[in-house]
There are 4 protein chains.
Amino acid sequence: MFFASDNGGPAAPEVMAAMMHANEGTAMPYGADPIMDRVRAQIREVFEAPEAEVYLVATGTAANSLALATMVQPWQTIYCHRLAHIEEDECGAPEFYTGGSKLTLLEGPSAKIDPESLRQAIDYTARAGVHNVQKGVLSITNATETGTIYTPAEVAELTAIAKDSGIPAHMDGARFANALVRLGCTPAELTWEAGIEALSLGGTKNGLVGVEAVVLFNPNRAWEFELRRKRGGHLFSKHRFLSAQMEAYLTDGLWLKLARKANAAADRLAKGILNVPGASLMHAVEANAIFASWPRKGHRAAQAAEAKYYHWPFDQSLEGPDDEMISARLVCNWATSDAEVDQFLQLIS
Amino acid sequence: MFFASDNGGPAAPEVMAAMMHANEGTAMPYGADPIMDRVRAQIREVFEAPEAEVYLVATGTAANSLALATMVQPWQTIYCHRLAHIEEDECGAPEFYTGGSKLTLLEGPSAKIDPESLRQAIDYTARAGVHNVQKGVLSITNATETGTIYTPAEVAELTAIAKDSGIPAHMDGARFANALVRLGCTPAELTWEAGIEALSLGGTKNGLVGVEAVVLFNPNRAWEFELRRKRGGHLFSKHRFLSAQMEAYLTDGLWLKLARKANAAADRLAKGILNVPGASLMHAVEANAIFASWPRKGHRAAQAAEAKYYHWPFDQSLEGPDDEMISARLVCNWATSDAEVDQFLQLIS
Amino acid sequence: MFFASDNGGPAAPEVMAAMMHANEGTAMPYGADPIMDRVRAQIREVFEAPEAEVYLVATGTAANSLALATMVQPWQTIYCHRLAHIEEDECGAPEFYTGGSKLTLLEGPSAKIDPESLRQAIDYTARAGVHNVQKGVLSITNATETGTIYTPAEVAELTAIAKDSGIPAHMDGARFANALVRLGCTPAELTWEAGIEALSLGGTKNGLVGVEAVVLFNPNRAWEFELRRKRGGHLFSKHRFLSAQMEAYLTDGLWLKLARKANAAADRLAKGILNVPGASLMHAVEANAIFASWPRKGHRAAQAAEAKYYHWPFDQSLEGPDDEMISARLVCNWATSDAEVDQFLQLIS
Amino acid sequence: MFFASDNGGPAAPEVMAAMMHANEGTAMPYGADPIMDRVRAQIREVFEAPEAEVYLVATGTAANSLALATMVQPWQTIYCHRLAHIEEDECGAPEFYTGGSKLTLLEGPSAKIDPESLRQAIDYTARAGVHNVQKGVLSITNATETGTIYTPAEVAELTAIAKDSGIPAHMDGARFANALVRLGCTPAELTWEAGIEALSLGGTKNGLVGVEAVVLFNPNRAWEFELRRKRGGHLFSKHRFLSAQMEAYLTDGLWLKLARKANAAADRLAKGILNVPGASLMHAVEANAIFASWPRKGHRAAQAAEAKYYHWPFDQSLEGPDDEMISARLVCNWATSDAEVDQFLQLIS
């Protein structure tokens, strides 16, 4: 019973097999491997973006920080939700990679940016000219940190506000596949057609060993991206092992299958939790994460059985009245089984 | 016939098997996996350094830059050889990670630092106090970029000069195993016993998919290192896959076996080249790299047969007199076969 | 009628005379001038801090950024009020000088930090360990950006909360003298006795040409400060001209006299504004700045007469109903005359 | 007898008078003062560059670092002479302001860049593409750190080499006036007509209190420069005091008169030194600095009489044989009197 994070799950067998296969013989390093050529073609096709540039890195933090750094100057600000991963969980990596850009924190329910909050923040920026940090870039997380998703129309509404002020838009898609399969739209519709210039396309949380793609729909600064990646220590010599993972991920829709499995497990879990007397959801379950509360006694039982998940916020105690509500975050991954979910539900019921 | 770089070689089968094995079930992310506990213990034992702190990253550039950044302030300088990887091949990653430290370039034959050059450089530093960049850290590459090695006594001589001025020493050991097996000394003798405070222990060039260990013999700033690693985007969520590689690498002396194979291939190749009329070595062959020159016609034949290696310097042409000498760099990896070497030798002879 | 900012006012005659006097003959550069020795002694005496280290720079942004950079690591955060100068008016200088520290924005009325907001922010920091930005430093502005002041007890309450979490405290004292004379306390009581480790002691807004002192009550990192100042281009070769200004400023209590004059002008102005029908103050007038609103027709008259001040917020229009309230910021300086104030009051009445 | 540096000299009376004059009444801050409009017009006229953008800062380090930062990316290198001020005397300020650019050190006698050294360095840069630091900017110091000067033709030869590789050129003109009056050419001939895109136009060493102008002949990135200046804490609120100095400096050719006086003093001093038996010059005396050696006994006498200057290198001792040669640096400023020079010469003869 592992719900601590989707990054605690295994890699998909197809991915491991591809790595094994890639290990045959020698290959030119640093992205000059032939597999990378195929990956580039795949992503261009999947995203209907024949001119997009594609780069692989191994962590989501690297993908986000490097993408943002090519889109923003040190004296500009990054607009993002107060709960965005880039604000909350990257130990200041965006500040590091951008050379000290500020992050302007936006409001909105369930970690989704309220358009009005974005509009006000942009209006407020640089009102005194040279004395203030300047307008930089918008970063949208989809699926969000609370497991909710933006529709293409919602993305387009935000990017339109940004574009009106000359600001490009980035999407942190660490869980892009989870959002995509839920929406049933095309990758293009959720990205460049909705005004996104650069996408961090997650793989690690969805069944890879450790690969994220950065997709630059606007390839103007592709060479700068390459230099930043190298300078950041994120250009792999044995790059073929990254390429192989991503190739397998995109082949025969594996990435979508994996995301559907994770989402389905989350649905099953959420439905079961809501059957627990007193339980409730804190956010809509739209991807593979659940934020819910249920009575303390259920938490005691689950943790006694070594179920892994986090109280949310962290500092709630197992000590106290049995029936008091304790809130928690549970994240499913592609390999979360029905049996695992059901065992957990039995414990907390 | 692949001699372009050791990073073009495959991963060792034991390493791939370990990754497959690590893929079973779930694991806590970000280095909290149980394999990492074993790796830490292994390295402490292998290096006879029970208090050393050990961290894994995926690239050599990350290992070097993060280690150096914890040892030097932005207004200090890094003393290194003019040909060091950190100066020549990391696109300024040390400058990026340190916040703008300078690199003071030292001289010495075959990419080995001349102690007198170090002494003079240190004496020259900060002669005008606050106006100058200050003394920072010494970085020694072993094996060097030209395939030569430092003995423990040579390392100790350099670190002693540094220590006299209060300067700690780092070792870039991207090819540490190749140096070690050639010297026949212990890991401790070549590192902390010789005055090294932090080691970048290479794995990728020697049979891993992509893992380097940073070993902090002085663990005072270990927590800072962890924060820098995270902030640099180099903390892996599915860390178990790094741990598993390193565990296999260190188990039953695999790392030493792989290095011996690469070195032996280089010896065989060097010996053969010297049989070519007119051929000569530019540097002693002490690890797994060969810098040699032989007549142009041999290069033509080799490249016609699609042998992969680099002219060194790059800009020498295949056009020109048959017997003119062209110099080249050839690097063997653990999987370089005798047949491959012999086929190459036949072509250039 | 100049109320746009106190930095639009002239320098005090005593200050100009001191610069003229300092121009005689030659002097050792870079702070080795004898006047600086006297300034250091003056500040130590005025602040009853015999071990404090004292440095001069020419701008408040430099003073704040350099002081903060010696107190915080790039992966740590600076706690400050949402309206602090370091957040709002320095174009990201703190981020630049610190190497990318975050600023955590606190709430509280009239630009004064609410202790509870500080407590909650500290508690929230680094809840997930290495994944988050870490606790860094507290920065308090006194007098604040809205012209209010903290008492020594209020400062001490905030620094105590910080110290409980191991966090040092900085004071942005661009208008320190204005706060001090209003409070009638000693410089020591308002700084180190109240838990402040480093002070940006403003001079420019209060009658100097351009000098701020950084006073390090905790001199542990004084040498680092000197290196950062030089590296930032803020070490003056003809330093004697900075020293001379500061010496004059502190001699015979000139700095206090100047601040009293500015505060008195603000009081007179505020009192007069409140006599305007419908007018009101947005913040208490405790230093030399006034935030007030009065009917639009009064603004029209004042601006027709070329009175200089800012609408606050900027984007309010002179077009519209006569009696609608328009809010504004007015700042007095030491040279603001009663006649100037009275002329203005007549216009808006 | 003060020859320690030209920055130890006084400001010119005309400059002090201008500051006094500027102190009348109020003025809009941050460069919006009317004097700055006149300064901008003056510089455009003097340099025959009607589209140049002009900014004032207070230190040479700020001028150089900010100018270079707008011309180079963090992953690019700055080509300069090994003895350039930006390499030797700014505590890494260029690295700080550029976000970690490298400085590639060039050779050449008397601190003048050998064109062949530049050509080779450029050729060597980025030979391996993304793995290396990239070509950035050329920085030429005129007059040089050893008191020599480049002719317009020499400047043009270097900038042409740079331009062939797409590299812009910067001139560190901390002692620009000293070079200019010696050459007898126009400011345009020595700068933009010779291929210079940005100039740090020194004032402080030549009779100002503390002002340098940055002249951007290519104004494309002027707004970026303004933001960098503000972010670096180098935008003065009471900017009129900088403007006033520069206006006086450029009025009626004051800057040229001051430089001629300093150069003449250096000529007189050099001529006198060469009359000392055994004395010799280390570099041609082409501006206001002298590098010369003469017998130790003369140094003893001079230093007993408290003459101020530096041994060059620093570490030569007054202890030792009377007739051994000790080398030194002597710098004259506009106020160095014949009497002062003659007194010194008498002592060392």
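Each chain carries its own residue numbering, running from 1 in the direction its sequence is written. The naming scheme follows written order: chains are lettered A onward, ligands numbered 1 onward. Two thresholds apply to this predicted model, a pLDDT of at least 70 for residue-level local features and 80 or more for giving and counting side-chain atom pairs, whereas whole-chain, interface and lining totals are computed over all residues.

Participant: Kindly report on the overall build of chain A, identifying the contributing residues and their values.
Facilitator: Every helix listed is a DSSP run of H or I at least four residues long, and every strand listed is a run of E at least two residues long, numbered separately from the N terminus. Along its length, chain A carries 14 helices and 11 strands. Values of the radius of gyration come from C-alpha atoms, whereas the globule rule sets the reference at 2.2 Å times the count of residues to the power 0.38. Relative to the globule expectation of 20 Å for 349 residues, the C-alpha radius of gyration of chain A, 21 Å, shows essentially globular dimensions. With the principal axes as the frame, chain A shows a C-alpha extent of 60 × 55 × 35 Å. Classification of the 349 residues of chain A by burial places 62% in the buried group. Two residues form a contact once the distance between their C-beta atoms, set from the backbone, is within 7 Å. Contacts in chain A between residues far apart in sequence, at least 24 positions, make up 76% of those at least 6 positions apart. Once C-beta atoms are placed from the backbone, each residue is buried if 20 or more other C-beta atoms lie within 10 Å of its own, exposed if 12 or fewer, and partly exposed for counts between those two.

Participant: Talk me through unusual backbone geometry; I want residue IDs and the actual numbers.
Facilitator: Note that the residue after W312(A), namely P313(A), is joined by a cis bond; omega there is 10°. Within the secondary structure, P313(A) is located in the loop between β10 (310–311) and β11 (325–331). With phi around 50°, E48(C) is a residue other than glycine that occupies positive phi space. Take E48(C): it is sitting in the loop between α2 (34–46) and β1 (53–57). Under the C-beta neighbour-count criterion, E48(C) is labelled partly exposed, with 14 such atoms within 10 Å. Its identity as a non-glycine residue notwithstanding, D252(C) has a phi of 55°, on the positive side. Within the fold, D252(C) resides in the loop between α11 (240–250) and α12 (254–274).

Participant: How would you sum up the sheet that holds β11(A)? Please name residues and give values.
Facilitator: All names here are of chain A. Strands sit in the order β8-β9-β11-β10 across an open sheet of 4 strands; the sheet is antiparallel. In this open sheet, the two strands that pair with only one neighbour each are β8 (280–281) and β10. Direction of pairing for β8 relative to strand β9 (residues 289–295): antiparallel, over a ladder of 2 bridges. Its bridge partner lying in β9, L281 is registered against A292. Note on method: axes are straight lines fitted to C-alpha atoms, helices fitted across the in-contact stretch only, with angles between N-to-C directions ranging 0 to 180 degrees. Along the sheet, helix α12 (residues 254–274) makes contact with β8, β9 and β11, crossing β9 at roughly 20°. Here, any two strands with at least 2 DSSP bridges between them count as paired.

Participant: Before we move on, can you summarise the packing of helix α8 (residues 176–183) of chain C against α12(C) with the specific residues and values?
Facilitator: Residue and element names in this part refer to chain C. Running from amino to carboxyl end, α8 crosses α12 at an angle of 80°, the nearest separation of the two axes being 8 Å. For the element pair α8 / α12, the angle class is roughly perpendicular. Contacts between α8 and α12 involve A177, N178, V181 and R182 on the former and, on the latter, W255, L256, L258, A259, R260, A262 and N263. Tallied by class, residues from the contact of α8 with α12 come to 7 nonpolar, 2 polar and 2 charged. Each angle gets one of four labels, with under 35 degrees taken as roughly parallel, over 145 as roughly antiparallel, 65 to 115 as roughly perpendicular, and the rest as oblique. The classification used treats Ala, Val, Leu, Ile, Met, Phe, Trp, Tyr, Cys and Pro as nonpolar, Asp, Glu, Lys and Arg as charged, and all other residues, Gly among them, as polar.

Participant: Talk me through the interface of chain B and chain A; I want residue IDs and the actual numbers.
Facilitator: Reports often express the size of an interface as the amount of accessible area lost when the parts come together. Of the residues lining the interface, 39 residues belong to chain B; the matching set on chain A comes to 39 residues. At the level of secondary structure, the elements contributing two or more residues to the side of chain B that touches chain A comprise α1 (13–22), α3 (60–69), α5 (93–98) and α10 (222–231) of chain B. Considered class by class, the residues forming the side of chain B that touches chain A number 18 nonpolar, 17 polar and 4 charged.

Participant: Tell me about the interface of chain D and chain B, and name the residues and values.
Facilitator: Of the residues lining the interface, 17 residues belong to chain D; the matching set on chain B comes to 17 residues. Considered class by class, the residues forming the side of chain D that touches chain B number 8 nonpolar, 4 polar and 5 charged.

Participant: Can you break down the relation of the copies chain B and chain A residue by residue, with the values?
Facilitator: Taken as rigid bodies, chain B and chain A are interconverted by a rotation of 180° and an axial shift of 0.0 Å, the fit giving an RMSD of 0.0 Å. One copy is carried onto the other by what is essentially a two-fold rotation axis. Measuring from the rotation axis to each C-alpha of chain B, the shortest distance belongs to G232(B), at 3.6 Å. A shared interface surface links the copies, since 100% of the contact residues of chain B are contact residues in chain A too. Fitting of the copies onto one another was done by least squares over C-alpha atoms, counting residues only where both copies have pLDDT of at least 70.

Participant: Pulling in residues and values, what's your account of the pairing of strand β7 (residues 212–216) of chain A?
Facilitator: All names here are of chain A. Along β7, 5 of the 5 residues are buried, which leaves the element largely enclosed by surrounding structure. Because side chains alternate across β7, one face comprises the buried residues E212, V214 and L216, and the other comprises A213 and V215, equally buried. Relative to β7, strand β1 (residues 53–57) runs antiparallel, the two sharing 5 bridges. Pairing of V57 across the sheet is with E212, part of β7. Bridging between strand β6 (residues 198–201) and β7 involves 4 bridges; their strand directions are antiparallel. Residue pairing for β7: S200 is matched across the bridge by V214.

Participant: I'd love a proper account of the pairing of strand β3 (residues 102–106) of chain A, names of residues and values included.
Facilitator: Working note: regular strand, side chains alternate between the two faces of the sheet. Residue and element names in this part refer to chain A. Of all 5 residues that make up β3, 4 are buried, and the element is covered over most of its length. Note that strand β2 (residues 76–81) and β3 share 5 bridges and pair parallel. When the bridges of β3 are listed, H81 appears paired with L106.

Participant: Break down the sheet that holds strand β9 (residues 289–295) of chain B for me, citing the residues and quoting the values.
Facilitator: Residues and elements named next belong to chain B. Spatial ordering of the open sheet is given by β8-β9-β11-β10, a layout of 4 strands whose pairing is antiparallel. A strand with exactly one partner marks an edge of an open sheet, and here the two such strands are β8 (280–281) and β10 (310–311). Packing of helix α12 (residues 254–274) onto the sheet brings it into contact with β8, β9 and β11 (325–331), and relative to β9 it is tilted by some 20°. Running at roughly 115° to β9, helix α13 (residues 296–304) makes contact with β9 and β11 of the sheet.

Participant: Quick rundown of the confidence of the model for chain A? Include the residues and the values.
Facilitator: Atom-level detail of predicted coordinates should not be read off regions where pLDDT is low. You can read pLDDT as the predictor saying how much it trusts each residue, on a scale of 0 to 100. Put simply, chain A has an average pLDDT of 97, and 100% of its residues get 70 or more. Across the whole predicted complex the pTM is 0.97, and at the interface the ipTM reaches 0.97.

Participant: Residues and numbers for the domain arrangement of chain A, please.
Facilitator: All names here are of chain A. Each domain's extent is set by a domain assignment, obtained either automatically or from a database. Taken domain by domain, chain A holds domain 1 (13–254) and domain 2 (255–348). The partner domain 2 presents 18 residues to the 18 residues of domain 1 that form the contact. Elements represented by at least two residues in the side of domain 1 that touches domain 2 include exactly α8 (176–183) and α11 (240–250). Looking at the side of domain 1 that touches domain 2, the element that brings in the most residues is α8, giving 5 residues. Across the side of domain 1 that touches domain 2, the residue classes tally to 8 nonpolar, 8 polar and 2 charged.

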